[in-house]
Amino acid sequence: MADNNIQFRFEDVPKGYVFCFLTCPLSARCVRHRAGEAVPAGTQFGTAVFPTARQGDGCPMFKELRVIHAAWGFSRLFAPVRATDIASLRADVKNYLGGNGTYSRYKLGRRLLTPEQQRDILNIFRRYGYTEVTQFDHYVDVVDF
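Note that this is a predicted model, so its numbers are computed, not measured.

About the criteria used
- Residues numbered from 1 in each chain as written.
- Predicted model: local features only at pLDDT ≥ 70, side-chain atom pairs only at ≥ 80, totals over all residues.
- Heavy atoms only, no water.
- Phe/Tyr/Trp six-rings, centres within 6.5 Å; stacked < 30°, edge-to-face > 60°.
- Buried < 20%, exposed > 50% of the residue type's maximum accessible area, 1.4 Å probe, protein only.
- Lys NZ or Arg CZ within 6 Å of the ring centre and 35° of its normal.
- Helix = DSSP H or I, 4+ residues; strand = E, 2+ residues; numbered from the N terminus.
- Arc of directions from axis to C-beta.
- Contact = heavy atoms within 4.5 Å.
- Polar contact = N/O pair within 3.5 Å; in protein donor to acceptor, adjacent residues only side chain to side chain.
- Axes fitted to C-alpha atoms, helices over the stretch in contact; angles between N-to-C directions.
- Parallel < 35°, antiparallel > 145°, perpendicular 65-115°, else oblique.
- Nonpolar A, V, L, I, M, F, W, Y, C, P; charged D, E, K, R; others polar.

Caption draft 1: A look at the packing of aromatic side chains. Per the stated rule, a full pass over the model turns up eight aromatic pairs. Considering the side-chain rings of Tyr17 and Phe19, the 6.2 Å spacing of their centres and the 85° angle between planes classify their relative orientation as edge-to-face. Accessibility classification places Tyr17 together with Phe19 in one group, the buried group. Relative to Phe21, the ring of Phe19 lies with its centre 6.4 Å away and its plane at 25°, an arrangement referred to as stacked. Three or more aromatic residues joined by ring pairs form one cluster here, namely Phe10, Tyr17, Phe19, Phe21 and Phe145. The ring of Tyr103 carries Lys94 above its face, with NZ or CZ at 5.2 Å from the centroid.

Here you go:
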């Protein structure tokens, strides 16, 4: 369900994001449309959904507006890991995230883990036998672009 109280700041929208300026039955619930409303006066160009995308009451570019409980940082996760497991477990997490550079971005908070990514990483830990409830270092509620 759309939360019309969510405040968008243009600087929070990812670079290269596809904005929507169309009015349709989905616009109140669409993060692309809400982001388009945040474009500041004086902005002259950018990437946008074309009117041809609208198909009746539907749109393939529609992205549901949702706020997620995002996370970053791994020190708490790895704290209870045995020395015999640490290298392979860390390698599996890095592989899941796409490599060393991406892992580092999530570790430092430059990128945020979605709830689905958090679940998948915790499942990697469970496969190694770490079933205790563990947490990431930091959490924040953000719009899921």
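After that view, the rundown keeps rolling.
Caption draft 2: Helix α4 (residues 100-108), seen in detail. Of the positions making up α4, those classed as buried are Thr102, Tyr103 and Tyr106. Down the axis, α4 shows its buried residues gathered within 100° of arc, on one side only. On its buried side, α4 packs onto β1 (67-72), α2 (75-78), α3 (83-97) and α5 (115-127). Of the residues trailing α4, Gly109 is marked for its positive phi of about 85°.

Caption draft 3: Region of the structure containing the environment of Tyr130. Position of Tyr130 relative to the elements: it lies in the loop between α5 and β2 (138-143). Taking the C-alpha atoms as reference points, Tyr130 and Leu77, 53 residues apart in sequence, are found 9.6 Å from one another. Those residues in contact with Tyr130 that lie beyond four places of it in its chain are Pro80, Val81, Arg82, Asp85, Leu89 and Phe125. There is a polar contact of 2.6 Å between the side chain of Tyr130 and the side chain of Asp85.

Caption draft 4: Spotlight on the packing of α3 against α4. It is the contact of α3 with α4, at a shortest axis distance of 8 Å, that shows an interaxial angle of 95°. Our classification of the angle between α3 and α4 gives roughly perpendicular. On α4, the residues that touch Arg90, Val93, Lys94 and Leu97 of α3 are Asn100, Thr102, Tyr103 and Tyr106. Here the contact of α3 with α4 is built from residues that sort into four nonpolar, two polar and two charged.

Caption draft 5: Structural context of the side chain of Thr102. Along the chain, Thr102 falls in helix α4. Judged by its relative accessible area of 15%, Thr102 is buried. For Thr102, the contacting residues outside a window of four places in its chain are Leu97 and Arg111.

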